[in-house]
Amino acid sequence: MRVAVWMVGAWLAVDAVSATAAEQDLAAVEIRTTPLTERIYLLVTDPPTAGNLAVSAGEDGIMLVDDTMMPITPRVKAAIAEIQEGEVAFVINTHFHFDHAGGNAAFGEEATIVAHSTVRKRLMEGREWGVVFIEGERPAAALPVLTFDESVTFHWNGETVDVIHFPDPSHTDGDLVVFFRDSNVVHTGDQYINRNGFPFIDLDVGGTAQGLRDNMAKLLEIIDDETTIIPGHGPLASKADLQWFHDVVAETIAYVEGEKRAGKTVEQIQEAGLPEAYEEVGSGFIPEAAWIQAVYTSLDM
Ligand SMILES: [Zn+2]
């Protein structure tokens, strides 16, 4: 499967053909903490390996958004303990992928894991992402215990926290964004990545490019110029950054759709490439050819 090959290339640290090297890479990963407000913290893996994390810490306790991968979780726990002592009360999974929900088993005994209903389903199927499966079964502690199909609101550490599932299948079939309303900080999961390259669409679980476009348009409607955006991967972003990303996604979908309607095959569109204006998007995360393939396939879904 072509996308799978590209994905392995995109995440060097988890290259499936080199498990030993991957474990060594993970052993060297450090967690960097950045306070964003008096109660919200950004945690990132250095070098960039897993998805970004958010922590809400305060009088009600600790809430964690995403939890990296099992080998990294002792360092995540140590970083959280530096912020505030005590157990993690809630873990929210933005989606099921291994680099976001892969650490669930390390937190499931102490925390209530919260996710979209499809995340539990995908984890029970043994998926890491797409059609890539783990060996053996996940422990029960890795499974979300509180699931829902739409959205849910927490009242936690003195603020409203909206956990929103926009309705369209997008990066996966169960993506959430976590909007700390009073702090004006939103964690987008992988529906938005702030890296060079295009977004990944997990077609194997029903993700679609146009769904990602429409969901990010909805997110743009509810945030403002002061909102701090924690993308699934990459540095912090602003509304203007997300708008640019949305526009690139929307315009390139429209381009591929037009070419497809004109009777072009996916290979012909890949060969010709996107218009020159999109060269600046780069190819670090998902290269242009993989994005064209994802869009072309999505248009039939
Ligand atoms: Zn993902």
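Now for a description of the structure that goes with this document. (Residues numbered from 1 in each chain as written. Predicted model: local features only at pLDDT ≥ 70, side-chain atom pairs only at ≥ 80, totals over all residues. Heavy atoms only, no water.)

Observations concerning the pattern of salt bridges
Counted according to the given criterion, the structure contains 13 salt bridges. In this structure, Asp214 engages Arg213 in a salt bridge whose closest nitrogen and oxygen atoms are separated by 2.8 Å. A salt bridge links Glu259 to Lys264; the nearest nitrogen and oxygen atoms lie 2.6 Å apart. Look at Glu259 and you get buried, because its relative accessible area is 17%. When its relative accessible area of 32% is taken as the criterion, Lys264 is described as partly exposed. By sharing partners, the salt bridges in this structure join Arg122, Glu125, Arg127 and Asp173 into a single network. (Salt bridge = Lys/Arg side-chain N within 4 Å of Asp/Glu carboxyl O. Buried < 20%, exposed > 50% of the residue type's maximum accessible area, 1.4 Å probe, protein only.)

Re the packing of aromatic side chains
Inspection of the entire model under this criterion finds five aromatic pairs. Residues Phe90 and Phe154 carry aromatic rings whose centres are separated by 4.9 Å and whose planes lie at 70 degrees to one another, so their mutual orientation is edge-to-face. Here Phe90, found in strand E5 (residues 88-92), pairs with Phe154, found in strand E10 (residues 151-156); they are 64 residues apart in sequence, far enough to count as distant. In this structure, Phe90 and Phe154 share a single accessibility class: buried. Ring geometry for Phe198 against Trp291: centres 5.9 Å apart, planes inclined by 10 degrees, an arrangement best described as stacked. (Phe/Tyr/Trp six-rings, centres within 6.5 Å; stacked < 30°, edge-to-face > 60°. Helix = DSSP H or I, 4+ residues; strand = E, 2+ residues; numbered from the N terminus.)

Re the packing of helix H7 (residues 209-222) against helix H8 (residues 239-261)
Between H7 and H8, whose axes approach to 10 Å, the crossing angle comes to 150 degrees. Taken together, H7 and H8 sit at an angle that is classed as roughly antiparallel. Here H7 runs over H8; the crossing is left-handed. Facing Ala209, Gln210, Leu212, Arg213, Met216, Ala217, Leu219 and Leu220 of H7, the residues of H8 in contact are Lys239, Leu242, Gln243, Phe245, His246, Val249, Ala250 and Ile253. Split into classes, the residues belonging to the contact of H7 with H8 amount to eleven nonpolar, three polar and two charged. (Axes fitted to C-alpha atoms, helices over the stretch in contact; angles between N-to-C directions. Parallel < 35°, antiparallel > 145°, perpendicular 65-115°, else oblique. Left-handed = near helix turned anticlockwise from the far one by under 90°. Contact = heavy atoms within 4.5 Å. Nonpolar A, V, L, I, M, F, W, Y, C, P; charged D, E, K, R; others polar.)

Regarding the sheet that holds strand E14 (residues 228-230)
Pairing is mixed across the open sheet formed by five strands, whose spatial order is E10-E11-E12-E13-E14. Every other strand in the sheet has two partners, leaving E10 and E14 as the edge strands with one partner each. Within the sheet, the average angular offset between the axes of one strand and its neighbour, ignoring direction, is 15 degrees. For strand E11 (residues 159-164) and strand E12 (residues 177-180), the ladder comprises four bridges, and the chain directions are antiparallel. Looking at E12, one finds that Ile164 is bridged to Val177. (Pairing = 2+ DSSP bridges.)

A look at the coordination of the zinc ion
Looking at the zinc ion, one finds its protein donor set to be His95 (NE2), His97 (ND1), His171 (NE2) and Asp190 (OD), positioned 2.2 Å from the metal centre. If you look at the zinc ion, its four donor atoms make angles of 88 to 166 degrees with each other, and the shape they trace is irregular. Counting along the primary sequence, the residues that act as donors to the zinc ion give the motif H-x1-H-x73-H-x18-D. Residue His95 shares its accessibility class with His97, and that shared class is buried. (Donors = N, O, S within 2.8 Å, 3.2 Å for Na, K, Ca; no water. Tetrahedral: all angles 85-135°; square planar, octahedral: opposite > 155°, others 65-115°.)

Re the pairing of E12
Consecutive side chains along a regular strand alternate between the two faces of the sheet. Burial of E12 is two-sided: the residues Val177 and Phe179 facing one way and the residues Val178 and Phe180 facing the other way are all buried. With three bridges joining them, E12 and strand E13 (residues 185-187) adopt antiparallel strand pairing. The residue of E13 that forms the bridge with Phe179 is Val186. Where E12 hands over to E13, the hairpin turn is made up of four residues, of which Asn184 adopts a positive phi near 60 degrees.

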